[in-house]
Every structure is written in structure tokens, then in C-alpha cells.
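Breakdown of the fold
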Amino acid sequence: MCGIAGIVQFDNIVVAESNIRTMMKIMKHRGPNDEGVFIENNVGLGFVRLSILDLSMAGHQPMICPNERFVIVFNGEVYNYIEVREKLKNKYHFKSNTDTEVVLYSYLEWGESCLHQFNGMFAFAILDRTNGNLFCARDRFGMKPFFYAHQEDRFLFCSELN
């Protein structure tokens, strides 16, 4: 099942890790096998994992690409990730057998158009650490939840409301 969470502070206040951890605690039943947090200045990302594909720590999230520019939190399953990985394997070095890494490299390769590559049910957020952009998406049918709130001073998202 897994769960993702995030906060972006528009007023450039550093995100408190305790706020991300509170969001993750509410979703812990979605992902009892692993968890991770990424905090950088005004952005915080959290993840709770139910290990299904690649049970190793290579599937740990938030996942950071090798050049450290992009960070992803991903919930769901891309059913055709093996086929998409085949398209990318000559350009990118995969360290895991996860669909998360395929989604991350797909974004590096095709930008927002990467969504046209995927068949599945998913929700994810990818942070560009260079320009501060956060790209969020979910599958066409909304099978994986992506709740969000846009307030005057912040943007919040999560897989579950409480």
C-alpha cells in the first residue's frame, strides 16, 4: 500500500521534521516495513513503505537520483515498469528492481510527459532540488489517493486524511 506525505513552506520557513513524522504516523498502517524522511529548507517529504517489489533497502524512499538533483516519494505500482525500464536501460544505471526508480528516471528522461509511459495505479511527488519545483501526479483514474491542501503559506499532500 505505502504512503507519501509532503510540505512545502512558501514563506521559506524550514519544515519541521516532527510535522512530516506526524503525517507519516497517521499512515503507518499503510507501510510497516520501512520509512524515510527528506528535509531540505522549506520542503519536507515523508514515506512509509509496504515492501512488495525489491524487498531490499535499494527500494528505500525518499529516493534520490545519482546526481542528487531529484528526490521522489512514490506510492503505487506501475504495471509496465519492466517495459519502461527497457527503454531507459542504456542511458541510466539502475540500482534497484523497483518501479520507483523507473518513475524517477522516466521523469529525468521525459519530464512531465513521463506520465504517458505509465500503466498502473500511482501517486508521486518529485522535487527538483536545483530550482525548487515539486511535480506531483497520480494515475488517470485516481486509484492511489493524493490529498492536498494549498494554503497561503504552504502546500501539503498525503496519501491519507485523518
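In short, a report on the structure. (Residues numbered from 1 in each chain as written. Predicted model: local features only at pLDDT ≥ 70, side-chain atom pairs only at ≥ 80, totals over all residues. Heavy atoms only, no water.)

**Some points on the nonpolar core**
To be explicit about the condition: By nonpolar core we mean a set of buried residues, namely Ala, Val, Leu, Ile, Met, Phe, Trp, Tyr and Cys, connected to one another through side-chain atoms within 4.5 Å. Burial classes follow relative accessibility: with a 1.4 Å probe on protein chains only, a residue under 20% of its type's maximum area counts as buried, one over 50% as exposed, and anything between as partly exposed. The numbering of helices and of strands both runs from the N terminus, where a helix is a DSSP run of H or I of at least 4 residues and a strand a run of E of at least 2. Only heavy atoms matter for contacts: two residues are in contact if any of them lie within 4.5 Å across the pair.
Ranked by internal contacts, the top residues of the largest apolar core, which has 23 residues, are Ile 72, Phe 118 and Phe 124. Put simply, the parts of the chain that give this core at least two residues each are strand 5 (70–78), helix 2 (81–88), helix 3 (99–110), strand 6 (120–128) and strand 7 (134–138). When residues in this core are grouped by element, the largest group, 5 residues, is from helix 3. Residue contacts for Ile 72: discarding those within four places in its chain leaves Gln 61, Pro 62, Met 63, Thr 100, Val 103, Leu 104, Phe 124, Ala 125 and Ile 126. Cys 2, Phe 38, Ala 123 and Phe 155 belong to the second-largest nonpolar core, a separate cluster that totals 15 residues.

**With respect to the pairing of strand 2 (residues 34–40)**
Going by this rule: When DSSP finds at least two bridges between two strands, those strands are taken to pair.
In this sheet, strand 3 (residues 43–49) lies alongside strand 2 in antiparallel orientation, the contact comprising 7 bridges. Counterpart to Gly 36 in the pairing with strand 3 is Phe 47. Hairpin remark: strand 2 followed by strand 3, antiparallel, with 2 residues in the connecting loop; positive phi at Asn 41, about 55°.

**A look at the sheet that holds strand 6**
The strand order across the open sheet formed by 4 strands is 4-5-6-7, and the pairing between neighbours is antiparallel. In the strand order of this sheet, the two ends are held by strand 4 (63–64) and strand 7, each with one partner. Sheet analysis places strand 5 next to strand 6, joined by 9 bridges and oriented antiparallel. Each bridged residue has a counterpart across the sheet, and for Phe 70 the counterpart in strand 6 is Asp 128.

**Some details on helix 1 (residues 17–26)**
What counts is decided by this rule: This arc is built from the directions going out from the helix axis to the C-beta atoms.
Among all positions of helix 1, only Ile 20, Met 23 and Met 24 are buried. For helix 1, the angular spread of the buried residues around the axis is 100°, confining them to a single face. Those residues of helix 1 that are buried are in contact with strand 1 (3–9), strand 2, strand 3 and strand 9 (154–158).

**As for the packing of helix 2 against helix 3**
Operational definition: Structural elements are reduced to axes, namely lines fitted to C-alpha atoms, with helices fitted over the stretch in contact, and the angle between N-to-C directions of any two is expressed from 0 to 180 degrees. By the definition adopted for this analysis, an angle is roughly parallel if under 35 degrees, roughly antiparallel if over 145, roughly perpendicular if from 65 to 115, and oblique otherwise. Take the far helix as your reference; a near helix turned counterclockwise from it by less than a right angle gives a left-handed crossing, and one turned clockwise gives a right-handed crossing. All residues other than Ala, Val, Leu, Ile, Met, Phe, Trp, Tyr, Cys, Pro, Asp, Glu, Lys and Arg, Gly among them, are scored as polar; the first ten of these are nonpolar and the last four charged.
For the pair helix 2 and helix 3, interaxial distance at closest approach is 10 Å and the crossing angle is 45°. When the axis of helix 2 is compared with that of helix 3, the two are oblique. As for how helix 2 packs across helix 3, the hand of that crossing is left-handed. Facing Tyr 81, Val 84, Arg 85, Lys 87 and Leu 88 of helix 2, the residues of helix 3 in contact are Asp 99, Val 102, Tyr 105, Ser 106, Glu 109 and Trp 110. Among the residues forming the contact of helix 2 with helix 3, the class breakdown is 6 nonpolar, 1 polar and 4 charged.

**Regarding the packing of aromatic side chains**
We apply this condition: Any two of the Phe, Tyr and Trp rings considered here, Trp counted by its six-membered ring, make a pair once their centres fall within 6.5 Å; the pair's planes then place it as stacked at under 30 degrees, edge-to-face at over 60, or tilted in between.
Summed over all chains, the structure comprises 12 aromatic pairs. The interplanar angle of 20° and the centroid separation of 5.3 Å between the aromatic rings of Tyr 107 and Phe 135 together place this pair among those described as stacked. With Tyr 107 in helix 3 and Phe 135 in strand 7, this pair connects stretches of sequence that are 28 residues apart. Phe 135 shares its class with Tyr 107; the two are buried. Their ring planes at 40° and their centres at 6.3 Å tell us that Phe 155 and Phe 157 sit as a pair that is tilted. The class of Phe 157 is buried, set by a relative accessible area of 0%. An aromatic cluster of at least three residues, connected via ring pairs, comprises Phe 70, Phe 74, Tyr 107, Phe 118, Phe 122, Phe 124 and Phe 135.

**Observations concerning the pairing of strand 9**
Among the 5 residues that make up strand 9, 4 are buried, leaving the element largely enclosed by the rest of the structure. Where strand 1 and strand 9 come together, 5 bridges link them in antiparallel fashion. When the bridges of strand 9 are listed, Gly 6 appears paired with Phe 157. Hairpin connection, strand 8 (residues 147–150) to strand 9: the antiparallel pair is bridged by 3 residues.

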